[in-house]
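As a plain string of letters, each chain reads:
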Amino acid sequence: MMYRCPVCFSRENDVVLFKKDENNLYCIKCSFNGTIAEVEEMYADMKKKYHFIKKRILLDEMRKL
Amino acid sequence: MYLNLLHRPVKKNLDLFRFQQDIAHELNLKVTLQMSLSSLYEDEMVAIVRKYSEEFGDEIGIWFSQFHEEVFKDARNACPFWLYSEEDKREIISAYIDRFRKVFNCDPISAGAYHMDAVSIRILKEICPSVKITVAGCFEEGVKVFHGCNNSWYLFNEGMPWGPWYPSRTNSLRPAENPDEAFDIVAVPHLSRDLALSYEGRNDFFASHPANVQRGMANEGAICPYNFNLVDIYRLQEDFNNGLSYYSVYVSPSWLSGNPNIQDSDEITQKLYRDLLEYFAELKSKGQLVDMYMREFAEWFRENVPVGKPQLYLAKEILYGSGKHYFWYVDPYMRVLIDAEQGGSIGDFRPYAGKLERFTGPDSPNLAMGSYPYLIHSQYRTGIAHHYADGTRTTLMVKHGEETIDLCTCRTRVADIVTEAGGTHMKLTPANLTFKNGLTVSIETIYHFKGKGKIIIERSIVEMSDEFAILEFTEYFKGSYGETEYPQDMHGISLSVDGDVKQHIMYEYKSRTIETENAKSVSAVIPQVNTEVKLSILDKGNRVGRAVEGHLFNPHYLLAVDSKVKIGNGVRTCLEIRKIK
């Protein structure tokens, strides 16, 4: 799997990270570098903005929304 | 809801294409297959597609793709279809149609490209009159996707309708006003987008495309209710459009495995695609969805939706949980977005009334820029002030004593939408204002969309803590024009006031104000978009009308009308746009 730079993604830009060494990735467009674990943690942080990410809203509920 | 499900046969992703097809057929969903020129030259793909058509009835159409090595042997072959010259477009379309006829011994009914400009549709209809429907654009694909793809994705077709439309002969993004002006074709969007989040951010994150939603990271692994919620918010539109809602799903097989923009396993990606199609099958089994081949939808649309009919969309934000409402209205004269979160401010305004002609290609003065220009875009051009002056938007300024409250700071919701012979009426919940001196006021706004380029904006005080207080309302329209976030040259624009004083100035970036008592109207003529925009006063009594020129750090124009208002009185202003030449 490839990873996108979490810093660039937070600016809504898709930039695929390059492999720096065995454990580290780096971004060619910004100064981000970090481990896969750090990248995934930042992804998880970004998803926190979607308060309804797990919420199913049925049609009748939509009408009241 | 009416559904078009499209698949694209691609040899290098044959297993993934078969995966998509197998699910659709297992669920008994109708599929339209759109073939690129490359696939029309691949005997194996042709045989596979023909078999699908014979066995399941799949419709076969054509997809004007990004690669044309069969047409051009030079570097041109890797340019997307919509960016060729008219001469090259004709050559490409001829090659596609010739090959399709040779392979299938018939003419296609459906076609598609990410952007089908008016030139392309005209040529297509000349060469192959049988084509009745085409994918003609990607809703709000433009600046934000360009930035999001490292400033490399040259698809600019912002300002188009979100649902099916009859494209005009001079600008395919503009809905035709009458049958004479329309191509004999139905245009549909490439995908159904989220009409709240496509305005605020990247349209390609939030669409009827599960892998795009993964690209936006709006899923938690295989859990992604957003895919179903988006379907249902489109179903909600049946309430406002005489039962019509349209949904289009068109996922290229390459999205289903190994896509660099997706950080989920292929199993998850493929499950989300299956889940979406299973939801369609469930809705279909309940009689809540009708799946159609594209040709069937074209026939249905022609029989049931007359040219020029407005379309409405109530966008409720369904991912962040913000509770925001946006209301969209489109007809042959305008596309407008009302931002209820900002007190009912116009956040996006496209003046189709100007009938701006536009096509894309190296032979077009607009080159790659296919978007229909805005007069207002509050995301690109500042909107409410955050840093320096405000930018393009509308609002109501409410003054009491020395204090002024901007209605954009008041959250409202869409309370009611009614359409009758006289137009569409959209009422907002009252905006509640509290002045520092303790005065509280509730102000209700109703937008009356009258057609022919006219919107009547009605403001009234429905409650006030001091029934004798007198407020000053300023109806406020701050405009510009453009397609991106950067300002355009405002020279040539003229501003006028008409009342006790009739005055007229040409825009010279000098920050001048012209003003009149007993105003009848204030207006701006923007020749760059063939449009006059005017605020006309509909009530009796003295109104002060004002037009204000900007400067290079505030490159906009302001039209404003001041009124004194008491409880029980309303203010009605007509916002009108019309063609100037």
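Please read these numbers as outputs of a predicted model, since none were measured by experiment. (Residues numbered from 1 in each chain as written. Chains lettered and ligands numbered in written order. Predicted model: local features only at pLDDT ≥ 70, side-chain atom pairs only at ≥ 80, totals over all residues. Heavy atoms only, no water.)

Chemist: Honestly, the pairing of strand E16 (residues 414–420) of chain B in this entry has me stumped. Any pointers?
Modeler: In regular strands, side chains alternate between the two faces of the sheet. All names here are of chain B. Strand direction decides the pairing type here: E16 and strand E17 (residues 423–428), joined by six bridges, are antiparallel. Each bridged residue has a counterpart across the sheet, and for Val418 the counterpart in E17 is His425. Hairpin connection from E16 to E17: two residues lie between these consecutive antiparallel strands. (Pairing = 2+ DSSP bridges. Helix = DSSP H or I, 4+ residues; strand = E, 2+ residues; numbered from the N terminus.)

Chemist: Which parts of the structure should I look at to understand the nonpolar core?
Modeler: Nonpolar side chains in soluble globular proteins generally cluster together in the buried interior. Residue and element names in this part refer to chain B. The biggest cluster of nonpolar side chains holds 164 residues, and the ones touching the most others in it are Phe64, Phe280, Trp328, Phe349, Val533 and Tyr557. In contact with Val533, not counting residues within four places along its chain, are Leu375, Phe477, Val522, Ser523, Ala524, Ile526, Tyr557, Leu559, Leu575, Glu576 and Ile577. The next biggest cluster of nonpolar side chains, apart from the first, holds 28 residues, and it includes Cys138, Val186, Met294 and Val305. (Core = buried A, V, L, I, M, F, W, Y, C linked by side-chain atoms within 4.5 Å. Buried < 20%, exposed > 50% of the residue type's maximum accessible area, 1.4 Å probe, protein only. Contact = heavy atoms within 4.5 Å.)

Chemist: What is the right way to look at the interface of chain A and chain B in this model?
Modeler: Where the parts come together, the accessible area they lose is often given as the size of the interface. In this complex, chain A contributes 28 residues to the contact, which on the side of chain B involves 39 residues. Carbon and sulfur atoms supply 54% of the area that chain A and chain B bury against each other, a total of about 3,000 Å² over both sides. Applying the counting rule to chain A against chain B returns four salt bridges. A salt bridge links Arg202(B) to Asp14(A), with the nearest nitrogen and oxygen atoms 3.0 Å apart. The interface formed by chain A and chain B contains 26 residue pairs in polar contact (both at pLDDT 80 or more). If you tally residues by element for the side of chain A that touches chain B, the top one is helix H3 (residues 59–64) of chain A, at four residues. (Buried area = accessible area lost by both parts, 1.4 Å probe. Salt bridge = Lys/Arg side-chain N within 4 Å of Asp/Glu carboxyl O. Polar contact = N/O pair within 3.5 Å; in protein donor to acceptor, adjacent residues only side chain to side chain.)

Chemist: Looking at this structure, I do not really get the environment of His325(B). What am I missing?
Modeler: You can see His325(B) is positioned in strand E10 (residues 325–331). By relative accessible area, His325(B) is classed as buried at 3%. Separated by 324 residues in the primary sequence, His325(B) and Met1(B) have C-alpha atoms spaced 21 Å apart. For His325(B), the contacting residues outside a window of four places in its chain are Leu65(A), Leu314(B), Ala315(B), Lys316(B), Ile338(B), Asp339(B), Ala340(B), Glu341(B), Arg413(B) and Val414(B).

Chemist: Quick question: what am I supposed to make of the packing of helix H1 (residues 14–26) of chain B against helix H3 (residues 43–56) of chain B here?
Modeler: Geometry of a packed helix pair, given as the angle between the helix axes and the separation of the axes. Residue and element names in this part refer to chain B. Orientation of H1 relative to H3, taken along the N-to-C sense of each, is 5°, at an axis distance of 13 Å. As far as their axial angle goes, H3 and H1 are roughly parallel. The segment H1 lies against H3, with Leu14, Phe17, Arg18, Gln21, Asp22 and His25 engaging Glu44, Met45, Ile48, Tyr52 and Phe56. Here the residues of the contact of H1 with H3 are counted per class, giving six nonpolar, two polar and three charged. (Axes fitted to C-alpha atoms, helices over the stretch in contact; angles between N-to-C directions. Parallel < 35°, antiparallel > 145°, perpendicular 65-115°, else oblique. Nonpolar A, V, L, I, M, F, W, Y, C, P; charged D, E, K, R; others polar.)

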